[in-house]
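Notes for the structure review
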Amino acid sequence: MPELPEVESVRRSLVRARLTAPVVGLWRSRLALRTGSRWRDERLELLKGASPRRWRRRGKHLLWALTGRDGDDVGLLVHLGMTGRIEVARAGEPRATHTHVELQLGDDRLLRFVDARRFGGVRARPWETLLREPPVGELGPEPMARAFDGAHLEAVAGRSQRALRDVLLDQRIVAGVGNIYAVEALFVARLHPLLPAARLSSTAWDRLATAVREVIDQGLRNGGTTFRDYRDADGQAGRNQGALWVYGRAGEPCRACGSLLRGFSHGGRSGVWCPQDQRRSRARQVP
């Protein structure tokens with residue numbers, strides 16, 4: 001599933017596309033996308049006649065801000081799911097297989113949402129409603145925001161018995177971090193992914209917050225991570241997969257110490273750790 005660096009790379013490619021013409025037409029396939037009552041009520045008709053203003057991102061979500069035909073602010077929320085992507089096409093270009101939403105713009109360009117597995121979702125709402133209601137309204141701070149640091153992590157998770165990787169995957173604690181960057185950050189911080197959060201000292205929390213920022217920044221600089229499906233709106237794959245320390249490399253040598261990396265499964269998600277650099281400390285508090 002695309003995480004913060006991938007979704008941000010899509011946002012940047014959409015900014016480069018300069019979509020400024022109003023929405024003049026709407027087409028929707030008959031197939032349902034992301035399940036759940038909030039996602040089934042898409043209300044895409046709110047976008048007809050609306051004029052684009054800017055693209056934003058919050059966590060793993062894209063938000064397109066527009067001015068509605070009545071002058072009110074409206075927005076489109078996009079969740080890419082596992083295989084979703086956004087395409088900018090010209091009028092007359094054939095729709096890609098698995099296209100589910102197409103917005104026709106006044107300059108004969110088309111904005112399309114394509115999703116083979118249909119785990120993604122789209123919905124339109126008044127702008128302030130989108131920001132206030134779930135999922136956006138429930139998100140924690142962004143990893144690169146001033147509000148995110150070791151003190152924040154310790155305050156919200158310092159007494160928890162949850163595994164550290166689960167803490168990082170909780171979007172209410174930090175927005176946009178998924179399995180790839182959580183596993184990478186824990187390696188950079190030299191912390192075992194299944195260590196209970198309550199075992200960390202303040203110093204370790206600081207180290208983990210710094211590691212999260214580091215791996216997110218690397219992902220952004222590399223245009224995201226592509227293993228199979230992810231592409232930005234220009235159709236470009238990410239380059240970060242070649243720079244990953246451990247994710248997807250179980251059984252291969254650690255790039256730091258040479259030990260064979262080990263895979264694990266916890267909570268229905270797989271991961272990777274280094275038995276040398278991420279030893280599971282027996283100390284009551286991990287420095």
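Higher on the page you've got the structure.
Residues numbered from 1 in each chain as written. Predicted model: local features only at pLDDT ≥ 70, side-chain atom pairs only at ≥ 80, totals over all residues. Heavy atoms only, no water.

**Side note on the environment of Gln 276**
Stated formally: Segments assigned H or I by DSSP are reported as helices when at least four residues long, segments assigned E as strands when at least two residues long, and all are numbered from the N terminus. Each residue's exposure class comes from its accessible area (1.4 Å probe, protein chains only) as a fraction of the maximum for that residue type: buried when under 20%, exposed when over 50%, partly exposed otherwise. In this analysis, two residues are considered to be in contact whenever any of their non-hydrogen atoms come within 4.5 Å of each other.
For Gln 276, the location among the structural elements is in the segment after strand E10 (269-273). You can call Gln 276 partly exposed: its relative accessible area is 37%. A C-alpha to C-alpha distance of 43 Å links Gln 276 and Gly 36, two positions 240 residues apart in sequence. Look past the residues within four positions of Gln 276 in its chain and what remains in contact with it is Cys 257 and Ser 259.

**Here we look at the environment of Val 246**
One can find Val 246 in the loop between helix H7 (202-221) and strand E9 (262-266). As for Val 246 and Phe 187, which are separated by 59 residues in sequence, their C-alpha atoms are 7.4 Å apart. When neighbours within four sequence positions are excluded, Val 246 is seen to be in contact with Val 183, Glu 184, Phe 187, Leu 261 and Val 272.

**Concerning the sheet that holds strand E4 (residues 73-79)**
Sheets are built from strands that pair by backbone hydrogen bonding, the pairs being arranged parallel or antiparallel. Selection rule: Strand pairing follows a simple DSSP-based rule, namely that at least 2 bridges must link the two strands. All axes are obtained by fitting lines to C-alpha atoms, using only the stretch in contact for helices, and the reported angles, taken between N-to-C directions, cover 0 to 180 degrees.
Ordered in space as E2-E3-E4-E8, the 4 strands form an open sheet in which the pairing is antiparallel. Each edge of the open sheet is held by one strand with a lone partner, namely strand E2 (51-58) and strand E8 (121-126). The sheet shows a mean angle of 20° between the axes of neighbouring strands, direction not considered. Against the sheet, helix H1 (residues 4-17) touches E2 and strand E3 (61-67), its axis set at about 160° to E2.

**What to know about the sheet that holds strand E1 (residues 23-28)**
An order of E1-E6-E7-E5 is seen for the 4 strands of this open sheet, with the pairing classed as antiparallel. The two strands at the open ends of the sheet, each matched to only one other strand, are E1 and strand E5 (84-90). Averaged over all adjacent pairs, the angle separating strand axes in this sheet is 15°, with direction ignored. Relative to strand E6 (residues 99-105), E1 is paired through 5 bridges, and the arrangement is antiparallel. Residue pairing in the sheet places Arg 28 in a bridge with Val 101 of E6.

**Structural notes on unusual backbone geometry**
Cis geometry marks the peptide bond from Pro 134 to Pro 135; its omega dihedral reads 5°. Within the secondary structure, Pro 135 sits in the loop between helix H3 (127-132) and helix H4 (150-157). In this structure, Asp 108 is a non-glycine residue whose phi angle is positive, near 65°. Here Asp 108 is to be found in the loop between E6 and strand E7 (109-115). Given a relative accessible area of 46%, Asp 108 falls into the partly exposed group. With a phi close to 60°, Arg 118 is a non-glycine residue in the positive phi region. The residue Arg 118 is located in the loop between E7 and E8 in this model. According to the relative accessible area criterion, Arg 118 is partly exposed, its value standing at 32%.

**Describing the pattern of salt bridges**
Here is the rule: By convention in these notes, a salt bridge is any Lys or Arg side-chain nitrogen within 4 Å of a carboxyl oxygen on Asp or Glu.
Within this structure, the stated rule accounts for 20 salt bridges. Arg 109 is paired through a salt bridge with Asp 107; the nearest N and O atoms lie 3.1 Å apart. Put simply, Asp 277 and Arg 190 hold a salt bridge, and the shortest N to O gap is 4.0 Å. Pair noted here: Asp 277 is in the segment after E10 and Arg 190 is in the loop between helix H6 (179-188) and H7, with a separation of 87 residues, a long-range link. Through salt bridges with shared partners, a single network forms among Glu 8, Arg 11, Arg 12, Arg 57, Arg 58 and Glu 142.

Limitation: the analysis is restricted to geometry and does not speak to function.
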